[in-house]
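Chain by chain, the residues:
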Amino acid sequence: MEKKIIYRNAEISDSKKLSILFKQVYIQTYGIEGVSDEFANFITKQFSVERLEKLITEQHENLIVAEYNDNLVGVVEIEFDKKCPIDNIVGPELNKLYILEWFCGKGIGENLLKYAENIIVKRGQKLFWLWVLETNTRAINFYKKHSFKVIGNAAFQMEKNSYMNKVMIKHL
């Protein structure tokens, strides 16, 4: 019998697994030319176990994980009151929606997105936004399928390089 995917708030005990999941998906998505020093610096800091423990402690309701057979396979992170790089919109940002490649196409992303939307609506918000690398057509198509609209482009600045992103918004 096939096990079900469980969706729940992240816990401190998930920190190490989340760190690996974030790094794996990030490299697979953005490391199209390999792992540069700039990427290594970014993901080491951004996805450190310590940073994730702090995030879970302070905002555990904003980090939802998908678990299969006691293993993490996906995660969604919402950040509230974020300034969108387009039109001076301030509102919740769908900061990350990461699914391990082996679990893509199984409805996990869709379910995590629904969880995020429910959290946003419960907080009385009417929209949320995100940015996605302009070459990530799979993600762009996923978000369009779920009623996100492109409202512009913005560069994500790392150490030396900037990466063009599509900024998308969804009204709830």
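Our structure is the block above this text.
Residue positions are counted from 1 within each chain, in the order its sequence is given. A pLDDT threshold of at least 70 governs which residues receive local features in this predicted model, and a stricter bar of 80 or more applies before side-chain atom pairs are shown or counted, although totals over entire chains, interfaces and linings include all residues. The side-chain quantities take in all heavy atoms of the structure and omit both hydrogens and water.

*Asks:* So what about the packing of helix α1 (residues 15–30) against helix α3 (residues 49–59)? Which residues, and what values?
*Replies:* For the pair α1 and α3, interaxial distance at closest approach is 9 Å and the crossing angle is 115°. Note that α1 runs across α3; the crossing there is right-handed. Where α1 abuts α3, its residues S15, K16, L18, S19 and F22 lie against V49, L52, E53 and I56. For the contact of α1 with α3, a count of residues per class yields five nonpolar, two polar and two charged. An axis is simply a line fitted to the C-alpha atoms; with a helix, the fit covers only the stretch in contact. Between two such axes, the angle follows the N-to-C directions and lies from 0 to 180 degrees. Per the convention used, a helix needs a DSSP run of H or I reaching at least four residues, while a strand needs a run of E reaching at least two, with both numbered from the N terminus. Crossing handedness: left-handed means the near helix sits turned counterclockwise from the far one by under a right angle, and right-handed means the same turn made clockwise. Working rule for contacts: check all heavy atoms of both residues, and any pair within 4.5 Å makes them a contact. Here the nonpolar group is Ala, Val, Leu, Ile, Met, Phe, Trp, Tyr, Cys and Pro; Asp, Glu, Lys and Arg are the charged ones; every other residue, Gly included, is treated as polar.

*Asks:* Give me the packing of α1 against helix α2 (residues 37–46): which residues, what numbers.
*Replies:* At a minimum axis separation of 11 Å, α1 and α2 run at an interaxial angle of 150°. Judged on the interaxial angle alone, α2 and α1 are roughly antiparallel. As for how α1 packs across α2, the hand of that crossing is right-handed. Here α1 contributes K23, Y26, I27 and Y30 to the contact with α2, which in turn contributes F39, F42 and I43. In terms of residue class, the contact of α1 with α2 is made up of six nonpolar, no polar and one charged. An angle counts as roughly parallel when it lies under 35 degrees, as roughly antiparallel when it exceeds 145, as roughly perpendicular when it falls between 65 and 115, and as oblique in every other case.

*Asks:* Account for the pairing of strand β7 (residues 162–171), naming residues and giving values.
*Replies:* Strand residues, when the strand is regular, have side chains that alternate between the two faces of the sheet. A pair of strands is labelled paired if DSSP reports no fewer than 2 bridges between them. Alignment of strand β5 (residues 127–133) against β7, held across seven bridges, turns out to be antiparallel. What sits directly across from L127, in β7, is H171. As defined by bridge partners, strand β6 (residues 149–157) adjoins β7 across eight bridges and the pair is classed as antiparallel. In the sheet register, K149 faces β7, and the bridge partner there is I169. Between β6 and β7, which pair antiparallel in sequence order, lie four residues.

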